[in-house]
Amino acid sequence: MLERPLTDASTPVAGSGWRRLATWLGEPKTLGWLAVAAVLIGWELVVIVFGFNPIYLPRPTRIVLALIEMFRNGGLTTDLLYTLGRVFGGFAIALVFGVAIGIWMAISERFNAIADNFIAALYPLPKVTLIPLLIIWLGTGGPFMLTISALGAVFPIVLNTLLGIRQCDPGLVLAARDLGATRGQIIRMVLLPGAVPSIFAGIRLGLGVSIILVVAAEMVVGKLGLGARLYLAGQVLETEQVFAVLIVLATLGIVITKTQDAIDVWLNRWRVA
Amino acid sequence: MAMAGPAVAIDCEGVGLTYKAKTGTAVNALENVRCRFAPGKVTAIIGPSGCGKSTLLQIARGFLDPSQGRLRFVTLSGEPAAAPAMATVWQAFNLFPWRTVLENVAFGLELAGVARADREARAKRALAKVDLAGFEDKYPKQLSGGMRQRVGIARALVMEPDVLLLDEPFGALDAQTRLVLQEQLATLVDTSGTTAILVTHSIEEAILLADTVLVMTARPGRIAAEIEVDLPRPRSLATTHDAAYGALFDQIYGLLRDEVVRAMTTEGGEA
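Predicted, not measured: the structure shown is a model, and the values here were computed from it.

Thresholds applied
- Residues numbered from 1 in each chain as written.
- Chains lettered and ligands numbered in written order.
- Predicted model: local features only at pLDDT ≥ 70, side-chain atom pairs only at ≥ 80, totals over all residues.
- Core = buried A, V, L, I, M, F, W, Y, C linked by C-beta atoms within 7 Å.
- Buried ≥ 20, exposed ≤ 12 C-beta atoms within 10 Å, placed from the backbone.
- Helix = DSSP H or I, 4+ residues; strand = E, 2+ residues; numbered from the N terminus.
- Contact = placed C-beta atoms within 7 Å.
- Axes fitted to C-alpha atoms, helices over the stretch in contact; angles between N-to-C directions.
- Parallel < 35°, antiparallel > 145°, perpendicular 65-115°, else oblique.
- Nonpolar A, V, L, I, M, F, W, Y, C, P; charged D, E, K, R; others polar.
- Domains from an automatic or database assignment.
- Expected span 1.5 Å × (residues − 1).
- Arc of directions from axis to C-beta.
- pLDDT = per-residue confidence, 0-100.

> Explain the nonpolar core here, please?
In globular proteins that are soluble, nonpolar side chains generally tend to be buried together. Ranked by size, the top nonpolar core spans 130 residues in total, and within it A44, I46, V105, A154, I197, L198 and L209 of chain B carry the most contacts. Ranked by residues supplied to this core, first place goes to helix α8 (residues 142-166) of chain A with 14 residues. The contact partners of A154 of chain B, leaving out residues within four places of it in the chain, are V105, A126, L127, K129, V130 and L132 of chain B.

Written out as structure tokens, the structure reads:
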């Protein structure tokens, strides 16, 4: 904090270029990206110098080339679209049912008692363990994929909707009643908007689980999709392609996380003073 | 904002309320309350903490059913009448934090199906009445406590209620803000001619705003005294220097003091 104003004040014109570069290099953000670049370059050099077998560790440049090639001629776009369709299709189903079940549990003690035990049993169960059973019931097609994806997302959404509504200030419900709100209006215009930040926290968790489950399911059964692609590439020792798919999955994660951050900020605009 | 409905009085006829506490014991909150909230008048309810003042207000609102006695709505000639339209101003403001100031004030009209342009115009007028023009697009979190409660008042007044219920409206505000808002509310209530029921801890607030002050006993709450306030209106801080004001204050304080001491010395009385 103290360094910058001091150096700025005493910097002669001649040295300013280097100083500015040094300051820029010292910025935390620059440093973060420089570290990534250093690792990639180091990786590239180590593979070349020690002559690693590309089956074990391909060079980053080769991975990028493989990635481009897969997108251009290898149908990776189709795989990506399949995976996205499965993740978001199942997630959309989970969102509708999850919010509805959460609201119902919050307003009906009886339904809550009924649903509570099933959720207690199913929520902690690792959902991947349901894959064999679901394949027996649904086969390996679209219904199976959507079900496994929805199963991953629905529980966090139910529980967070329930939590969000329970945390609603009873004074707000009273105020709405006082102004003439019907039961339906209280649910739609008071409980639900009040629970939105909490529901969104559930969406965050749920979407993450959906991605894991869809990719895992694709690895087990799929002919299409990123998971299938990953698994098949591994089977034939196309390590460059394995890395390429991992890059796509990581990028997908970054995009989703950043989008969620932005939506979070927008949703919470009324929370900050 | 003139009184729209017919002049209807709210009569409490031996109203009592007993409820079961979480521990399982029956709590007698109100006992044999007999009083009238007269149309076009301001009635203040004052009493020690936990005496059931707010409970009585909830019964008058129709949110709670009395376990003994009954609540009646009657015209001045004694005919039974339909419940008058009511709106409440809350101690905790109870504004919807995700709605802007304008959306908060327009909420009741929105529930009633009033078209957007109409309800927003009416909400803006109500906000202007409480000196909050220009704050329409703020969120409650961006306002001070006094401003938030003025939003609360506007939200109730925009409904043009026959009866305005004020549940310790300034209890959460600092002393200076309170003084200013008391005067503003006194003016608003005077000019609107609405019936108002004010629950308060403050003797000053009760005298400045009310035509009648009901002093309640410690739990179980009963009406200990009904005191007429015939000080001239408009009343302001200057009214408090009046000799008649002092006499009323002492009279109410004398009644309250015994009850407050009793509430403090009985078990659970402070709750």
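> Sorry, what's going on with the interface of chain A and chain B here?
Between chain A and chain B, the contact holds 16 residues from the first and 18 residues from the second. Among the secondary structure elements, those contributing two or more residues to the side of chain A that touches chain B are α9 (170-178) and α10 (183-221) of chain A. Ranked by the residues each element gives to the side of chain A that touches chain B, the list is headed by α9 of chain A, at six residues.

> Explain the packing of helix α5 (residues 76-107) of chain A against helix α6 (residues 109-122) of chain A here, please?
For any two helices packed against each other, the geometry is given by the interaxial angle and the distance between the axes. Residue and element names in this part refer to chain A. It is the contact of α5 with α6, at a shortest axis distance of 6 Å, that shows an interaxial angle of 125°. Taken together, the axes of α5 and α6 are oblique relative to one another. Across the interface between the two elements, I101, W104 and M105 from α5 touch F111, N112 and A115 from α6. Classifying every residue of the contact of α5 with α6 by side-chain character gives five nonpolar, one polar and no charged.

> Honestly, the environment of T18 of chain B in this entry has me stumped. Any pointers?
Residue and element names in this part refer to chain B. For T18, the location among the structural elements is in strand β1 (residues 8-20). In this structure the C-alpha to C-alpha distance between T18 and A85, which are 67 residues apart in sequence, comes to 27 Å. The contacts of T18, once residues within four sequence positions are left out, are A26, V27, N28, A29 and S67.

> Help me understand the domain arrangement of chain A, please; the structure alone is not making it clear to me.
Accessible area lost on assembly of the parts is the figure often given for the size of an interface. According to the domain assignment, chain A consists of domain 1 (3-51) and domain 2 (69-267). Its C-alpha centre places domain 1 of chain A at a distance of 41 Å from the equivalent point of domain 2 of chain A.

> Is there a simple way to think about helix α6 (residues 175-192) of chain B in this case?
Residue pairs three or four apart in sequence face the same way in an α-helix, which turns once every 3.6 residues. Residue and element names in this part refer to chain B. When the terminal C-alpha atoms of α6 are compared, their 25 Å separation across 18 residues agrees well with the 26 Å that a helix rising 1.5 Å per residue should span. Taken together, the buried positions of α6 are R178, L181, Q182, L185, A186 and V189. Burial along α6 is one-sided: seen end-on, the buried residues are contained in an arc of 150°. Among the exposed residues of α6, those pointing more than 90 degrees away from its buried face are Q176 and T191. The inward-facing, buried residues of α6 abut β3 (42-46), α5 (145-157), β7 (195-200) and α7 (203-209).

> Would you take a moment to explain the confidence of the model for chain A for this structure?
A low pLDDT means the predicted coordinates there should not be read in detail. Residue and element names in this part refer to chain A. With 94% of its residues at a pLDDT of 70 or more, chain A has an overall mean of 87. Averaged pLDDT values over the elements of chain A bottom out at 49 in helix α1 (residues 3-10) and peak at 94 in α9. Overall, residues 6-11 carries pLDDT values under 50, and its contacts beyond four positions in sequence, including any with other chains, amount to three contacts.

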